[in-house]
Amino acid sequence: MKQQPGKIGIREYLSIAILMVGSKVTEDTPTALFQKAQNAAWMIPIITAAFTFIPLFLLIKTMSLYQNKNLFSVIQKLLGKYLGFFVCLLIFIINVFSISFDSRTYTTIIRTFYFNRTPIVIIYAILMGVCAYGAKKGIQHIGSVAYLIIYYAVLLLYLAFVLCTQDSSIQSLFPIWGPGKLELLKQSSLNLSLFSEFFLFALIIPSIASYKDFRKGTWIALVYISIQLSVGIIIFICLFDASLKGIGYPFHTAIRFISIGTFFPNIEILFFVIWLMAALIRFTAFLYINALMFGQLFKIKNFEFLIPALATIYLLIGSIPESPYDLSLQLKPILRSVIGPTFLVVSITLWLVALLKGEFKHEKKRGSM
Amino acid sequence: MKKKVLKPLFKKLNAEPQFSEESNTQDIELKKQDISSNYDQNLATFKSIFSIPKNIDIKVREFIIGSLDRRAFIIFISTMVDAQSIQEGIMEKLIGNDQPSGKIQNITSSPSERTATNIGEITEFITGGVTALFVDGDTQCYLFETTKITGRSIEKSDNEVIVKGAKEAFNEKVIDNIALIRKKIRNENLIVEAKVISKRSRNDVFLVYEKDLVNDELLQTIKDKIASIQTDRILDLSILEQYLEERPRSLFPSILYTERPDRATSFIEEGHIVLLMTNSPSCLVLPATFWSMFHSPEDHYLRTPYGNFIRFLRFQALFVAMFASPLYIAITNYHVGMIPPDLLMAIAGTRERVPFPSTVEILMMEIAFELIREAGLRVPTPIGPTIGIVGALILGQAAVQANIISPIVIIVIALSGLSSFIISDVSMNFAIRITRFLFIFVAAFMGIYGAIALFVPGLFYLVSLKSFGIPYFAPMTPHFISSKDLIIRHVPMKERFRPGYLNPKDTVKQRKG
């Protein structure tokens, strides 16, 4: 079997996907969801995944017409030069803020929980520096590193979950419907941003060994991550109950709380290590995809050389919010409410345009020939 | 842009110095010529080439061939030939034979005989221990294989010790080394190809591979790489290794160096290519991956559970060797809360009277350990054991009593030092030990965060390393078909594939059922 250079297989793709989207359970997402849907928050990921299925399915269907082309070239091809450019630019700008705010959140977590006397700039700069180095190596190597640590990351995450169950009570989950079924549906539809990264993966299609791998990997990742997110939220609800509302980063509070037996009271470093590695890889991949978008947008072929510059800009944007409070409660909700609908609209529009232009019919004809 | 400006500038600054050298065009021209049929001219030519009689071990013997009644002389290097075989196979036959026979081939009884005409070629053969016979009136020279080089016999492997399995190791005689491989692979497809790599000393390098397994593209890449070497001399295989590597300045090795023929054989049978060289008691295996350095032949000789047990130990040792000291620094300086209170009290108690910060303590002991280790290697054998006593007693016991080091540091250093011995590959061992120091520095700077911020780029670097186009962590990632012999190994019956990254001509070792 011949391996094409610079391409990633399904294992690497799945690892990147799980690390990028799956790590949401370890930041402030569970709290944000709990604030909206109280103790039924754990259902939101599953319902949202079901909602995400439709646009994602349409997107994958549309993308399958243009194999070996990425999302941006498809957008520009279907929507025309000018409209296409503006749509791509919009997606890029949203993602600039998304990566900046997310990386700032992670920096805040590191600072609050582990290095509270270190200046935030230093932590942030090291984080972005590492990511820039990794992103410059290219998607194949990001995938390889992601695959090297994915098993340990997932295993330790579940170990933390299991240890959390020692002190939790299942009663906190009831009443099972939380704020009510209708409210749950409403909140789920508002939280489409949970899985918005999946739309970004359509950008790295040319780097994935085969289109089948991409399709299969995306569905497996979507199902797995929604379950993992939901399990995580169940665990946090059972552990913290109503006080989850006021806990900014439940995963890190939880790992400080748990212990193995009585002799090891503080094992958070164990989880911190693997969490940090996952986070670094997450932002490396995110940074790479962002640079790819930028390169595609402005027709820059060797976009790898832009990565350090882009990383610096993200660092500066991420440093703007004064406090984590501004970030988690004011800026991120705005971003979340924009990302979801944008991707919904973009993918449905793409599909409709392709349908109206008759691309699907052409494909069939080509297939029959 | 910047490079364009700077490159000529650097070139100007680093111009190659000019030397007044003596010209040797005359010698080179001479070597290109063929020998003449004139007996005296040939004799004079070779006497001048070999500086006879200044050069004491080069012998010329003149005589008359009895049966042909023609003058002849033989020339050989007495220190590199077997005098008895010249005596019995050549001289006695030529002088003593009375039957008239037209051909030299039919008179001599030496098992191998060939002819040559080029002066340069003949010179090369003579320096290799071949005896050359010149007959008056003949335009060609007869060469007899009489080489007998003195050297070590086949001994036990010193540096890669195993309990179960073959014990013999390569020695400095390449003939023996090839024989060691041949006797393990009795197959006509095993090819031993010779290539001359350097100009002045004319060192030979031997490519050993199986014709019906090895990927031709890979073989050609390696041959091209060897052909592209431009140098006067390469003394040893370990120097050739540095010439061949893609990144000779990298901390991590990308070619496997082993002295065990059984290991070399197992790689040849997977489709790798092995390089041998005269005067080197080892071989190079190319291409090599992280796994080939990490594994030991014993993993396969032992039964599966035991083999995997030592694999786990080694995997653990890899991490302990690299992270024990940095972790100690990180935890005691940044993450004190992680240590159970009782232990924390104990550590604090022993550190109470030590004046140095823990980073300095660790660094001092690490350096001391490396010193002991290096000293242990270099001391003459008779006083070897003393070093152990000095190291353990003085540095361990006394340093603690003198309040320079706290006892827990001794434990940490001893553990990481011992673990580093478990990584048997010399190059990998160095790589681990040097990265340990890097990790110590970053851990002192930023604790666990610093260590991870170095570890992750380290991983990125490692996965981007390539050995002749093969990724360092193949076949784990990127994935290739293989017998999944990575961190754990399966029973031999299940190991059915040759590694897919080599793209061998025959991937399946054994079919199912």
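All residue numbers refer to position in the chain's written sequence, counted from 1. Following the order in which they are written, the chains are lettered starting with A and the ligands numbered starting with 1. Note on the predicted model: pLDDT of at least 70 is required for a residue's local features to be given, and 80 or more for side-chain atom pairs to be given and counted; whole-chain, interface and lining totals, by contrast, use all residues.

### Thoughts on helix α8 (residues 181–190) of chain A
In step 1: Exposure classification rests on a simple neighbour count of other C-beta atoms within 10 Å of a residue's own: a residue reaching 20 or more is buried, one at 12 or fewer is exposed, and one in between is partly exposed. C-beta atoms are placed from the backbone. A run of H or I in DSSP counts as a helix once it spans at least four residues, and a run of E counts as a strand once it spans at least two, with each numbered from the N terminus. When α8(A) is considered as a whole, its buried residues turn out to be L184(A), Q187(A) and S188(A). For α8(A), the arc enclosing every buried residue in end-on projection is 100 degrees, short of the 170-degree limit, so these residues lie on one face. Our arc is simply the arc of the directions from the helix axis toward the C-beta atoms.

### Looking at the pairing of strand β10 (residues 283–286) of chain B
Residue and element names in this part refer to chain B.
In step 1: Here β10 shows two buried faces, one formed by C283 and V285 and the other by L284 and L286.
In step 2: Two strands are said to pair when DSSP picks up at least two bridges between them. Of the strand pairs in this sheet, strand β8 (residues 256–258) and β10 are connected by three bridges, and their pairing is antiparallel. The partner of L256 across the bridge, within β10, is V285.
In step 3: Pairing geometry for strand β9 (residues 273–277) and β10, over three bridges, is antiparallel. Across the sheet, residue L275 finds its bridge partner in β10, namely L284.

### Regarding the sheet that holds strand β2 (residues 70–77) of chain B
Adjacent strands of a sheet form backbone hydrogen bonds with each other and so pair up, either parallel or antiparallel.
Residue and element names in this part refer to chain B.
In step 1: The strand order β1-β2-β4-β5-β3 describes an open sheet built from five strands, whose pairing is antiparallel. Each having just a single partner strand, β1 (58–65) and β3 (113–116) make up the two edges of the open sheet. Pairs of neighbouring strands in the sheet enclose a mean axial angle of 25 degrees, with direction left out of account.
In step 2: Note on contacts: each residue gets a C-beta atom placed from the backbone, and two residues are in contact if those atoms are within 7 Å. Inter-axis angles, ranging from 0 to 180 degrees, are taken between N-to-C directions of lines fitted to C-alpha atoms, where helices are fitted over the stretch in contact. Sitting on the sheet, helix α4 (residues 83–96) is in contact with β1, β2, β4 (130–135) and β5 (141–145), with an inclination near 10 degrees to β4.
In step 3: Helix α6 (residues 119–127) contacts β2, β3, β4 and β5 of the sheet and is inclined by roughly 135 degrees relative to β4.

### Things to note about helix α12 (residues 268–297) of chain A
In step 1: Helix span is expected to be 1.5 Å times the residue number reduced by one. With 30 residues, α12(A) should cover 44 Å at 1.5 Å per step; its first-to-last C-alpha distance of 42 Å lies within 8% of that length.
In step 2: Judged by how many residues are buried, α12(A) sits mostly within the fold: 22 of 30 residues are covered.

### Regarding the interface of chain B and chain A
In step 1: Chain B puts 22 residues into the contact, and the matching count from chain A is 30 residues.
In step 2: Residues are sorted three ways: Asp, Glu, Lys and Arg are charged, Ala, Val, Leu, Ile, Met, Phe, Trp, Tyr, Cys and Pro are nonpolar, and all the rest, Gly among them, are polar. Of the residues assigned to the side of chain B that touches chain A, the class counts are 15 nonpolar, seven polar and no charged.

### Description of the nonpolar core
In step 1: Ranked by size, the top nonpolar core spans 206 residues in total, and within it C131(A), L203(A), L287(A), V274(B), L275(B) and L284(B) carry the most contacts.
In step 2: Sorting elements by how many residues they give to this core places helix α18 (residues 426–464) of chain B first, with 19 residues.
In step 3: Residue ranges assigned to each domain were obtained from an automatic or database domain assignment. Per-domain counts for this core show at least three residues from each of domain 2 (174–288) and domain 3 (312–470) of chain B.
In step 4: Other than its neighbours up to four places away in sequence, L203(A) contacts N70(A), L71(A), F72(A), I289(A), L292(A) and M293(A).
In step 5: Among buried residues, those of type Ala, Val, Leu, Ile, Met, Phe, Trp, Tyr and Cys that are joined through C-beta atoms within 7 Å form a set called a nonpolar core. A72(B), I74(B), L133(B) and F144(B) belong to the second largest nonpolar core, which has 23 residues in total.

### Remarks on the environment of F445(B)
In step 1: By secondary structure assignment, the location of F445(B) is in helix α18.
In step 2: For the pair F445(B) and T359(B), spaced 86 residues apart in sequence, the C-alpha separation works out to 9.8 Å.

### Quick word on the domain arrangement of chain B
In step 1: One can read the domain layout of chain B as domain 1 (28–145), domain 2 (174–288) and domain 3 (312–470).
In step 2: Placing a centre on the C-alpha atoms of domain 1 of chain B and another on those of domain 2 of chain B gives a separation of 33 Å.

### So, the environment of I208(A)
Residues and elements named next belong to chain A.
In step 1: Looking at where I208 falls in the secondary structure, it is placed in the loop between α9 (197–201) and α10 (211–240).
In step 2: The class for I208 is buried, based on 23 C-beta atoms found within 10 Å.
In step 3: Once the C-alpha coordinates of I208 and S144 are considered, the two residues, 64 residues apart in sequence, prove to be 13 Å apart.
In step 4: Those residues in contact with I208, other than ones at most four positions away along the chain, are K7, I8, Y13, D213 and F214.

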